[in-house]
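Tertiary structure, described
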Amino acid sequence: QVQLVESGGGLVQPGGSLRLSCAASLSIFSINVLGWYRRTPGKSRELVALTSTGGSTTYADSVKGRFTFSRDNAKNTVYLQMDSLKPEDTAVYYCYAVLSGMSNWGKGTLVTVSS
């Protein structure tokens, strides 16, 4: 299928910004669905942002207006720009892709928002 490698996580203070990257092992033109999920300890994985071919991007209500999904087709990379970060955004963030009907996940990158 497709390998996804996330990067860009780290420790940031509340109100700060981070940009996560997800590099795909093949052309993202061929990927039907791309997005980001996150998981905090004790909770199930939740949608952060999701986009499908030719469609708009859907965001979780909790991140609308603060997070922005983007893609660079030439680099086979998608991004998640995270601004105005809050402690409740602390989580492991996973890149997600659907290719030929099959789900693919990256290994995740940890984002910690704390003063």
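So, a few notes on the structure that sits alongside this text. (Residues numbered from 1 in each chain as written. Predicted model: local features only at pLDDT ≥ 70, side-chain atom pairs only at ≥ 80, totals over all residues. Heavy atoms only, no water.)

Across its full length, the protein chain holds zero helices and eleven strands. Along the protein chain, helices and strands appear, N-terminal first, in the series β-β-β-β-β-β-β-β-β-β-β. Relative to the compact-globule value of 13 Å for 115 residues, the protein chain shows a C-alpha radius of gyration of 13 Å, a close match. If you line up the protein chain on its principal axes, its C-alpha atoms span 40 × 25 × 25 Å. (Helix = DSSP H or I, 4+ residues; strand = E, 2+ residues; numbered from the N terminus. Rg over C-alpha atoms; globule rule 2.2 N^0.38 Å.)

Looking now at the pattern of salt bridges. Applying the stated criterion across every chain, the model contains four salt bridges. The residue arginine 66 makes a salt bridge to aspartate 89 at a minimum N-O spacing of 2.7 Å. Highlighted residues: arginine 66 in the loop between strand E6 (57-59) and strand E7 (67-72) and aspartate 89 in the loop between strand E8 (77-82) and strand E9 (91-99), separated in sequence by 23 residues. Taking the relative accessible area as the measure of exposure, aspartate 89 reaches 1% and is therefore buried. Linked by salt bridges that have partners in common, Arg38, Glu46, Arg66 and Asp89 make up one network. (Salt bridge = Lys/Arg side-chain N within 4 Å of Asp/Glu carboxyl O. Buried < 20%, exposed > 50% of the residue type's maximum accessible area, 1.4 Å probe, protein only.)

In this section: the pairing of E9. Within E9, eight of the nine residues are buried, which leaves it mostly tucked inside the rest of the structure. Pairing analysis gives seven bridges linking strand E4 (residues 33-39) to E9, with the strands arranged antiparallel. Bridge pairing in E9 links tryptophan 36 to cysteine 95. With three bridges joining them, E9 and strand E11 (residues 109-113) adopt antiparallel strand pairing. Residue pairing across strands places valine 92 opposite leucine 110, the latter belonging to E11. In terms of strand pairing, E9 meets strand E10 (residues 102-105) through four bridges, oriented antiparallel. When the bridges of E10 are listed, tyrosine 96 appears paired with tryptophan 105. (Pairing = 2+ DSSP bridges.)

Note that every value here comes from positions in space, so none of it alone points to a role or purpose.
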